[in-house]
Structures are given as structure tokens and as C-alpha cells.
Amino acid sequence: MRKYYMLFAALVLLILDVPVSTILYPAFEEFRTEAPVTVSLVIDHVVGHRLRMDLFSDLLGYLLLLVSAAWLSMEDRRFRKCFTWGAVSMAVFVYWQIMPFYLNGGLRFRAGYLLYFVVAALKILTVFLAMYTVSGRLENTSNHSYNNVTVILMMVSAAAAVVSALIWFFDLTVISYVYDAAQLITFGIAVQRVWNDRNLLMEGVGHA
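So, here's what we can say about the structure. A quick note: this is a predicted structure, and the numbers were derived from the prediction, not measured. (Residues numbered from 1 in each chain as written. Predicted model: local features only at pLDDT ≥ 70, side-chain atom pairs only at ≥ 80, totals over all residues. Heavy atoms only, no water.)

### Side note on the overall build of the protein
Our working definition: Helix and strand definitions here come from DSSP, where helices need a minimum of 4 consecutive H or I residues and strands a minimum of 2 consecutive E residues; each element is numbered from the N-terminal end. Only protein chains enter the calculation, and the probe is 1.4 Å; a residue is then buried if its accessible area is under 20% of its type maximum, exposed if over 50%, and partly exposed in between. Per-residue and other accessible areas were derived by the Shrake-Rupley procedure at a 1.4 Å probe size, with only the shown protein chains allowed to occlude residues.
For the protein, the helix and strand inventory stands at eight helices and two strands. Secondary structure elements of the protein occur, N-terminal to C-terminal, as α-β-α-β-α-α-α-α-α-α. Across its three principal directions, the C-alpha atoms of the protein cover 65 × 30 × 25 Å. When each of the 208 residues of the protein is scored for burial, the buried share is 46%. For the protein, the computed accessible surface area is about 10900 Å², with 68% contributed by carbon and sulfur atoms.

Set out below in C-alpha cells:
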């Protein structure tokens, strides 16, 4: 089960976000715009003025995900998709973090605006795909209904993550924490249900 422990630990690291400001980005160069409030929102809140290192590191989460997905793909080729999407998601995440060091003015604003949603969407997709693939290995005729409920919980968790990301963008941080909690709780229940059927994981019932 160690390979699954690593996978679940990676997903928890990706779900939990506690940013800590570190290195200062180059000072933002103002530019003419008809939407100064939006520019301020993106630059001051979304992008920020310092490199943000997550206390529960997303980068570490992605690395653990890639290692565990590569390990599990030797038993089930469906985990190759987890590896691919995890690699893409990590690359975009890293680019988003370092982008303000060499982009400024309007380019920093537009890149920050777009990449925030791309990074959020890829992370949510990666987490859901990993859990869905694990669920696929549990699937058989005897636990089909039970497994469907687990998948629904995963979908609810992903939906809560989507709402949280959208709300946080508009600086409604307190409300976003409510959806973060909902995401984590439903994810935890889904993992508990997977744990209840852990023997099936070892048997590889859904192996394809």
C-alpha cells in the first residue's frame, strides 16, 4: 500500500494551500488601462508582489504524485494519464510562480490573469483524475454501487475546489475557506471509503 500512501499524501499537499510570501518580485510597472480595479486585483491579490511558497508545498505534492503515478503505472497503465497531467500541471504551476521575475506591466497582468485559472483547473483535474483512477481499480460487480458513491464524493470535492478558486480570485478569502473545508472533508470521506476496500487495491480488481 506504500505507493498509495504516497499518492494520497501528494493529493493532500495539493489540496491544502497555506501560502507564505518569500522573495520580492521586481517592482510592478504601471501601464495605462481602462480597468485599474481589475489590474490592482490581479497584481496585488492574485499574482502578489512576492514569490509565494506554500507551507504545504504544491511542488512537493506534484513531485510525490509523479513518483507514485510512475510506480503505479507499472501495474495499471491508466496511471500514465495521472503522470502526464501531473507533469503538465506542475510545469504550468512553476511557470506561473516565476513569471513575474521576467514579465512586467501589461504582460504580467495578462499572464497572471490567465494562468491563475489554468493552474487552478489543472490542479483540480489532476487531483480528481488520480482519485478516479484509484477508484477504477476498486470497481467490480459486488461493490459497484458503493464505488459510485465514492466517485460522487470525489466530484463534489472537485466542484468545491472550483467554487473556492473562483471566489478566491475576487478576494473573498473567508468564503473561499468554507469551500476549501468542504473540499477537504469530502476528499477525506472518499479516501476513507477507498481505505475500506484497500484489499481490492492490492488485488488490482480494476486492472486494465
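Next comes the rest of the write-up.
### With respect to helix H3 (residues 58–73)
To keep it simple, the criterion reads: A helix is expected to span 1.5 Å for every residue after the first. Any two residues whose heavy atoms approach within 4.5 Å at even a single point are treated as in contact. Polar contacts, as used here, are pairs of N or O atoms within 3.5 Å; protein pairs need one atom able to donate a hydrogen and one able to accept it. Residues neighboring in sequence count only if both atoms are side-chain atoms.
Given a rise of 1.5 Å per residue, 16 residues ought to cover 22 Å, and the 22 Å separating the end C-alpha atoms of H3 matches this to within 8%. All of the buried residues along H3 are Asp58, Gly61, Tyr62, Leu65, Leu66, Ser68, Ala69, Leu72 and Ser73. Along its buried surface, H3 packs onto helix H1 (2–15), strand E2 (50–54), helix H4 (79–98) and helix H5 (105–138). Its side-chain oxygen placed 3.3 Å from the backbone nitrogen of leucine 59, serine 57 serves as the N-cap of H3.

### Description of the packing of aromatic side chains
Heads up, the condition is: We call Phe, Tyr and Trp rings a pair once their centres come within 6.5 Å, taking the six-membered ring for Trp, and we label the pair stacked below 30 degrees between planes, edge-to-face above 60, and tilted otherwise.
Throughout the structure, instances matching the rule amount to 16 aromatic pairs. Seen from their ring centres, phenylalanine 28 and phenylalanine 31 are 6.2 Å apart, and the 80° between their planes marks the pair as edge-to-face. Given the relative accessible area of 16%, phenylalanine 28 is considered buried. Ring centres of phenylalanine 117 and phenylalanine 169 lie 4.8 Å apart, and the angle between their planes is 40°; this geometry places the pair in the tilted category.

### Section: the nonpolar core
Using the following cut-off: What makes a nonpolar core is a set of buried Ala, Val, Leu, Ile, Met, Phe, Trp, Tyr and Cys residues whose side-chain atoms join them at distances within 4.5 Å.
Counting residues in hydrophobic clusters, the biggest one holds 50 residues, and the most contacted among them are Leu11 and Met131. Looking at this core, the elements with two or more residues in it are H1, helix H2 (36–47), H3, H4, H5, helix H6 (144–169) and helix H7 (173–196). Ranked by residues supplied to this core, first place goes to H5 with 13 residues.

### Digging into the environment of aspartate 58
Among the structural elements, aspartate 58 can be located in helix H3. Exposure remark for aspartate 58: the relative accessible area of 4% places this residue in the buried category. Setting aside anything within four residues of it in sequence, one finds aspartate 58 in contact with Leu13, Leu14, Leu16, Asp17, Phe93 and Lys123.

### Topic: the packing of H3 against H4
Put simply, the rule is: Orientation is described by lines fitted to C-alpha atoms, with helices fitted over the stretch in contact, and by angles between N-to-C directions that extend from 0 to 180 degrees. For classification, angles of less than 35 degrees are called roughly parallel, those exceeding 145 degrees roughly antiparallel, those between 65 and 115 degrees roughly perpendicular, and all remaining angles oblique. Here a crossing is called left-handed whenever its near helix is offset anticlockwise from the far helix by less than a right angle, and right-handed whenever the offset is clockwise. Three categories are distinguished: nonpolar for Ala, Val, Leu, Ile, Met, Phe, Trp, Tyr, Cys and Pro, charged for Asp, Glu, Lys and Arg, and polar for the others, with Gly belonging to the last.
Direction vectors running N to C along H3 and H4 enclose 160°, while the axes themselves pass 8 Å from each other. Between H3 and H4, the angle falls in the class roughly antiparallel. In the packing of H3 onto H4, the handedness of the crossing is left-handed. Contacts from Asp58, Leu59, Tyr62, Leu63, Leu65, Leu66, Ala69, Ala70, Leu72 and Ser73 of H3 reach H4 at Phe79, Arg80, Cys82, Phe83, Gly86, Ala87, Ser89, Met90, Phe93 and Val94. In terms of residue class, the contact of H3 with H4 is made up of 15 nonpolar, three polar and two charged.

### Overview of H4
If you check H4, its first and last C-alpha atoms are 29 Å apart, about what 20 residues at 1.5 Å a residue would give, namely 28 Å. Among the residues making up H4, those that are buried are Phe79, Cys82, Gly86, Ser89, Met90, Val92, Phe93, Trp96 and Gln97. Turning to H4, the residues buried within the fold contact H1, H2, E2, H3 and H5.

### Some thoughts on the environment of glycine 112
The residue glycine 112 is located in helix H5 in this model. On the accessibility criterion, glycine 112 (0% relative accessible area) is buried. Along the primary structure glycine 112 and phenylalanine 170 are separated by 58 residues, whereas in three dimensions their C-alpha atoms are 14 Å apart. For glycine 112, the contacting residues outside a window of four places in its chain are Val42, Val46, Val47, Trp96 and Met99.

### Examining the side chain of threonine 133
By the secondary structure assignment, threonine 133 is in helix H5. Residue classification places threonine 133 among the buried residues on the basis of a relative accessible area of 7%. Polar side-chain contacts of threonine 133 include one of 2.7 Å to the backbone oxygen of leucine 129. When neighbours within four sequence positions are excluded, threonine 133 is seen to be in contact with Arg78, Phe79 and Cys82.

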